Amino acid sequence: MNSKIEKITYFDAPGPQNTDEVIRLAKERADTLGIEDVVVASTTGETGVKASEVFKGFNLVIVSHAIGHVSPGSQEMLEKNKERILASGAKLLTCIMAFTGIERAVKKTFGTTLPVELISSALKLFGNGTEACVEITVMAADAGLIPIDREVIAIAGTGTGADTALVVKPANSTYFFDFNVMEIIAKPRVMKKM
């Protein structure tokens, strides 16, 4: 029986104070494993800019919220950050969130929870960042921006910034249950700030 011992970093609290360390740890693991594809969640673009400075030469995909995610017609990604991300050579994906989208509208209108929201809630048992890592990877795979036949690093957080990094084997949303969380690089020990 073969086994390996790898280091996992656990943060005392979730939040943006962990961003720089998460990006550093994810880069270190990408280099060790020879991973070329990285997906990063970024709402305002601040985390995306930081990632684009560290992951130069990688297939870096920054995933932002869809237009209208918070209010009709609004965009949370700051234009100056968008420009810096794109200038670095990273790709920017702005589209409907894989785990919300139309199901959120059904819930708001009819007060009913549907299966995708249940999957999202179950993943959040491991933290909001873990759920977001899975979600943005599926989104990037569906957009054809990352391969589904090799390992990818996903970085996301709780609210703002980054506090979670995973090594994953992506899947398209149609084949969601083929998705594989292979390694936890870092995550918060608790779900909410204490």
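Before any of the text, the structure's been laid out above.
Here goes a summary of the coordinates provided.

### With respect to the overall build of the protein
Piece 1. The helix and strand tally for the protein stands at six helices and seven strands.
Piece 2. Sequence-ordered secondary structure for the protein, helices as α and strands as β, is β-α-β-α-β-α-β-α-α-α-β-β-β.
Piece 3. Taken over C-alpha atoms, the radius of gyration comes to 16 Å for the protein, in line with the 16 Å a tight globule of 194 residues would show.
Piece 4. With respect to the principal axes defined by its C-alpha atoms, the protein has extents near 50 × 45 × 40 Å.
Piece 5. In the protein, buried positions account for 45% of the 194 residues.

### Focus on the environment of Ser 52
Piece 1. Relative to the helices and strands, Ser 52 is located in helix H2 (residues 46-54).
Piece 2. By relative accessible area, which is 4% here, Ser 52 ends up buried.
Piece 3. Look past the residues within four positions of Ser 52 in its chain and what remains in contact with it is Leu 60, Ile 85, Ser 88 and Ala 90.
Piece 4. One polar contact links the side chain of Ser 52 to the main-chain carbonyl oxygen of Val 49, over a distance of 2.8 Å.

### Topic: the sheet that holds strand S4 (residues 91-94)
Piece 1. The strand order across the open sheet formed by seven strands is S1-S7-S6-S5-S2-S3-S4, and the pairing between neighbours is mixed. With one partner strand each, in any of the chains shown, strand S1 (9-11) and S4 form the two edges of the open sheet. Between one strand axis and the next, the sheet turns through 25° on average, direction left out of account.
Piece 2. Relative to strand S6 (residues 164-169), strand S5 (residues 152-156) runs antiparallel, the two being bridged by five bridges. In the sheet register, Val 152 faces S6, and the bridge partner there is Val 168.
Piece 3. Each of strand S2 (37-41) and strand S3 (59-64) touches H2; the most contacted strand, S3, lies at about 175° to it.

### Focus: helix H5 (residues 115-123)
Piece 1. Those residues of H5 lying buried are Glu 117, Ser 120 and Leu 123. Buried residues in H5, looked at end-on, bunch into an arc of 120°, giving them a common side. Structural note: H5 exposes Pro 115 and Leu 118 on the side pointing more than 90 degrees away from its buried face.
Piece 2. Of the surrounding elements, those touching the buried residues of H5 are helix H4 (101-110) and helix H6 (128-142).

### Structural notes on the side chain of Thr 47
Piece 1. As for its placement among the helices and strands, Thr 47 is situated in helix H2.
Piece 2. Look past the residues within four positions of Thr 47 in its chain and what remains in contact with it is Thr 19, Ile 23, Val 40, Ala 41, Ser 42, Gly 161 and Ala 162.

### Looking at the pattern of salt bridges
A side chain with one charge can pair with a side chain of the opposite charge if their charged atoms come near.
Piece 1. If you walk through the whole model with that rule in mind, you get eleven salt bridges.
Piece 2. With a closest N to O distance of 3.9 Å, Lys 4 and Glu 6 form a salt bridge.
Piece 3. Residue Glu 6 pairs with Arg 29 through a salt bridge whose shortest N-O separation is 3.5 Å. Taken as a pair, Glu 6 in the segment before S1 and Arg 29 in helix H1 (residues 19-33) lie far apart in primary sequence, 23 residues in all.
Piece 4. Residue classification places Glu 6 among the partly exposed positions, given a relative accessible area of 38%.

### With respect to the pairing of S3
Piece 1. Most of S3 is tucked away, with six of its six residues classed as buried.
Piece 2. Neither face of S3 is exposed, since Asn 59, Val 61 and Val 63 on one face and Leu 60, Ile 62 and Ser 64 on the opposite face are all buried.
Piece 3. For S2 and S3, the ladder comprises five bridges, and the chain directions are parallel. By the bridge assignment for S3, Ala 41 is matched with Val 63.
Piece 4. In terms of strand pairing, S3 meets S4 through four bridges, oriented parallel. From the neighbouring strand, Val 61 faces S4, where its bridge partner is Lys 91.
Piece 5. Note that the unit made of S3, helix H3 (residues 79-87) and S4 has a crossover that is right-handed.

So, how was this worked out
- One numbering rule holds for all chains: residues counted from 1, following each sequence as written.
- Residue-level local features of this predicted model are given only where pLDDT is at least 70; pairs of side-chain atoms are given and counted only at 80 or more, and the full residue set underlies all totals for whole chains, interfaces and linings.
- Computation of side-chain values: all heavy atoms of the structure, hydrogens and water removed.
- Here a helix means four or more residues in a row that DSSP labels H or I, a strand means two or more in a row labelled E, and each is numbered from the N terminus.
- Radius of gyration means the value over C-alpha atoms here, while the globule rule gives 2.2 Å times the residue count to the 0.38 power.
- Residue burial is assigned from relative accessible area. The probe radius is 1.4 Å, only protein chains are included, and a residue is buried under 20% of its type maximum, exposed over 50%, and partly exposed in between.
- Note on definitions: a residue-residue contact is assigned when non-hydrogen atoms from the two residues lie within 4.5 Å.
- We define a polar contact as two N or O atoms separated by no more than 3.5 Å, with the added condition that, inside protein, one atom must be a possible hydrogen donor and the other a possible acceptor, whereas residues neighbouring each other in sequence contribute only through side-chain atom pairs.
- Strand pairing follows a simple DSSP-based rule, namely that at least 2 bridges must link the two strands.
- Orientation is described by lines fitted to C-alpha atoms, with helices fitted over the stretch in contact, and by angles between N-to-C directions that extend from 0 to 180 degrees.
- Directions from the helix axis toward the C-beta atoms define the arc.
- Salt bridges, as used here, are contacts in which a Lys or Arg side-chain nitrogen is within 4 Å of a carboxyl oxygen on Asp or Glu.
- Think of it like this: strands point away, you trace from the first strand over the helix to the second, and a clockwise trace means the crossover is right-handed.

None of the figures reported here should be taken as evidence of function without further support.
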